[in-house]
Amino acid sequence: MEIVVAIVQALLLVAAAPLMSGIARKIRAKMHSRQGASVFQDYYDLAKLWKRTEVRAGTAGLVTRIMPPLFLATFVVIAAGLPLITRACPVPLLGDVITVLYLMALPRFVFSLASIDSGASYTSIGGIRELIVGVLVEPALMLVLVVMALACGSTNVGTMATSVATFTATPPVAVVVAGVAFAIACYMEMGKVPFDMAEAEQEIQEGPLAELSGPSLAMLKLGMSVKQAVVAGLFIALFLPVGAAASMAPLDLIVGFVALIVKMLVVFLVVSVIENAVIRVRYKYLGRYTWFAVGIAALSFVFLIIGI
């Protein structure tokens, strides 16, 4: 049954990720007093890209070819291991936070490596930009996960979710502050303004997207949408386990499935509103915002040490 749950939730995130992206675009359009495209526009775009011919730069090598499927597959694997429908990890081997962090770092590394592999100057700068964002954001993520591991007594995401759901994670103030820091870091990791990767406006922000077309571009765009859903799912699994199934009973699983959909919609709604309420800033100033998240994560660690 656990394997079935893992496959179902992974397929759910893959199928729903373009819809979540479409809803976010629709909210942005409404906040800008525009009609906006259909919430299903991402599905239409992916379908058109899958039908087009694959075209690659003449200097592109093996890394560029394997990057899109690897990017998508990695986040599908992460989605299968997170405790989204249930409190326990469907695949315990994939539920360790260290494994999750390494798996999340792999697509970013290959993405940046592909930007250099293409040989184009714009894509190389875009890849370097992606690495810098990772260096700025990942310290907050890692520090929060260390705090949660110490507070819950385990590095397993399922055990952490169960501890938070049963209010046994101590000290409680440290856990709450860690949740705030993690929410900010997840917003950054999802690539929202001003940490976003532009969709079509500037090649310097697109990175390898500028050198891809056809099915490869479709896989990468889908992978980026799935990444947002996975990051949101990780936050939900750790700090919003309310409604997740405590057992493998059919009724509990149905309730957990519905609760996951509702929590995902709420998280993406909040993120979309925040994204359209902030302004873009010059790239060199992004470190100020990321250090704010690191500071809150460090504060949670201090609260953990003093026991409050």
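Preceding this paragraph is the structure being described.
The present account deals with the structure reproduced in this document. (Residues numbered from 1 in each chain as written. Predicted model: local features only at pLDDT ≥ 70, side-chain atom pairs only at ≥ 80, totals over all residues. Heavy atoms only, no water.)

What the chain contains, in helices and strands, is 11 helices and zero strands. Secondary structure elements of the chain occur, N-terminal to C-terminal, as α-α-α-α-α-α-α-α-α-α-α. The C-alpha radius of gyration of the chain comes to 19 Å, within 12% of the 19 Å expected for a compact globule of 308 residues. Dimensions along the principal axes, computed over C-alpha positions, put the chain at roughly 55 × 45 × 45 Å. Pairs at least 24 apart in sequence give 79% of the contacts found in the chain among residues at least 6 apart. Carbon and sulfur atoms make up 72% of the accessible area of the chain, which totals about 13900 Å². Here the chain carries 21 positive and 17 negative side-chain charges, and the mean point of each set is 6 Å from the other. (Helix = DSSP H or I, 4+ residues; strand = E, 2+ residues; numbered from the N terminus. Rg over C-alpha atoms; globule rule 2.2 N^0.38 Å. Contact = heavy atoms within 4.5 Å. Areas by Shrake-Rupley, 256 points an atom, 1.4 Å probe, with all protein chains shown as cover. Lys, Arg positive; Asp, Glu negative; His and termini not counted. Charge placed at Lys NZ, Arg CZ, Asp CG, Glu CD.)

On to the environment of Leu 253. Relative to the assigned elements, Leu 253 resides in helix α10 (residues 250–275). The sequence separation of Leu 253 and Ile 85 amounts to 168 residues, and the corresponding C-alpha distance is 6.6 Å. The residues touching Leu 253, leaving out its near neighbours within four places in the chain, are Met 1, Val 5, Ile 85, Thr 86, Ala 245, Ser 247 and Met 248.

The next thing to look at is the layout of surface pockets. Unoccupied space between atoms shows up once a probe the size of one water molecule is rolled over them. The computed volume of the second largest pocket comes to approximately 460 Å³. If you trace the second largest pocket, you find 23 residues lining it, with Ala 183, Ile 184, Tyr 187, Val 271 and Ile 274 closest to the centre. Sorting the residues of the lining of the second largest pocket by element identifies α7 (172–189), α9 (214–239), α10 and α11 (286–306) as the ones contributing at least two each. Looking at the lining of the second largest pocket residue by residue, the classes come out as 22 nonpolar, no polar and one charged. (1 Å grid on protein atoms, 1.4 Å probe; cavity = no way out; pocket = protein on both sides within 12 Å on 5 of 7 lines; lining within 4 Å. Points joined across faces, edges and corners; volume = space filled by probe spheres on them. Nonpolar A, V, L, I, M, F, W, Y, C, P; charged D, E, K, R; others polar.)

Glancing now at the packing of aromatic side chains. Within the structure shown, the criterion is met by six aromatic pairs. With a centroid separation of 6.5 Å and 15° between ring planes, the pair formed by Phe 182 and Phe 235 is classed as stacked. With a gap of 53 residues between them, Phe 182 in helix α7 and Phe 235 in helix α9 connect regions that are remote in the sequence. One exposure class covers both Phe 182 and Phe 235, and it is buried. By the ring-pair criterion, three or more aromatic residues cluster together here, those being Phe 71, Phe 75 and Phe 111. (Phe/Tyr/Trp six-rings, centres within 6.5 Å; stacked < 30°, edge-to-face > 60°. Buried < 20%, exposed > 50% of the residue type's maximum accessible area, 1.4 Å probe, protein only.)

So, about helix α4 (residues 97–117). For α4, spanning 21 residues, the distance from its first C-alpha to its last is 30 Å, which sits close to the expected 30 Å at 1.5 Å a residue. The complete set of buried residues in α4 reads Val 97, Val 100, Met 104, Pro 107, Arg 108, Val 110, Phe 111, Ser 112, Ala 114 and Ser 115. Its side-chain oxygen 2.9 Å from the backbone nitrogen of Ile 98, Asp 96 forms the N-cap of α4. (Expected span 1.5 Å × (residues − 1). Polar contact = N/O pair within 3.5 Å; in protein donor to acceptor, adjacent residues only side chain to side chain.)

Here we come to helix α6 (residues 157–165). What α6 keeps buried is the set Val 157, Gly 158, Met 160, Ala 161, Ser 163 and Val 164. The backbone nitrogen of Gly 158 has a side-chain oxygen 2.8 Å away, supplied by the residue at the start of α6, namely Asn 156. Among the residues trailing α6, Phe 167 stands out with phi positive, at a value near 60°.

Our focus in this paragraph is the side chain of Ser 163. Secondary-structure assignment places Ser 163 in helix α6. Within the structure, the side chain of Ser 163 is placed 2.9 Å from the backbone oxygen of Thr 159, a separation counted as a polar contact. For Ser 163, the residues in contact, after removing those within four places along its chain, are Cys 152, Thr 168 and Ala 169.

The biggest cluster of nonpolar side chains holds 83 residues, and the ones touching the most others in it are Val 144, Met 148, Phe 182, Val 230, Leu 234, Leu 238 and Phe 239. With 16 residues, α9 is the single largest residue contributor to this core. If near-sequence neighbours (up to four positions away) are discounted, Met 148 is found in contact with Gly 153, Ser 154, Met 160, Val 164, Val 175, Ala 178 and Phe 239. (Core = buried A, V, L, I, M, F, W, Y, C linked by side-chain atoms within 4.5 Å.)

Let's shift gears to the state of the cysteines. On inspection of all chains with the given rule, the structure shows zero disulfides. With no disulfide of its own, Cys 89 lies 12 Å from the sulfur of Cys 152, the closest cysteine sulfur. With relative accessibility at 14%, the residue Cys 152 sits in the buried group. (Disulfide = S-S within 2.5 Å.)

At a minimum axis distance of 8 Å, the contact between α7 and α11 shows a crossing angle of 160°. One finds that α7 runs roughly antiparallel with respect to α11. Handedness of the α7/α11 crossing: left-handed. Contact with α7, carried on its side by Val 173, Ala 174, Val 177, Ala 178, Val 180, Ala 181, Ile 184 and Met 188, involves Tyr 289, Thr 290, Phe 292, Ala 293, Ile 296, Ala 297, Leu 299, Ser 300, Phe 303 and Leu 304 of α11 and no other residues of that element. (Axes fitted to C-alpha atoms, helices over the stretch in contact; angles between N-to-C directions. Parallel < 35°, antiparallel > 145°, perpendicular 65-115°, else oblique. Left-handed = near helix turned anticlockwise from the far one by under 90°.)

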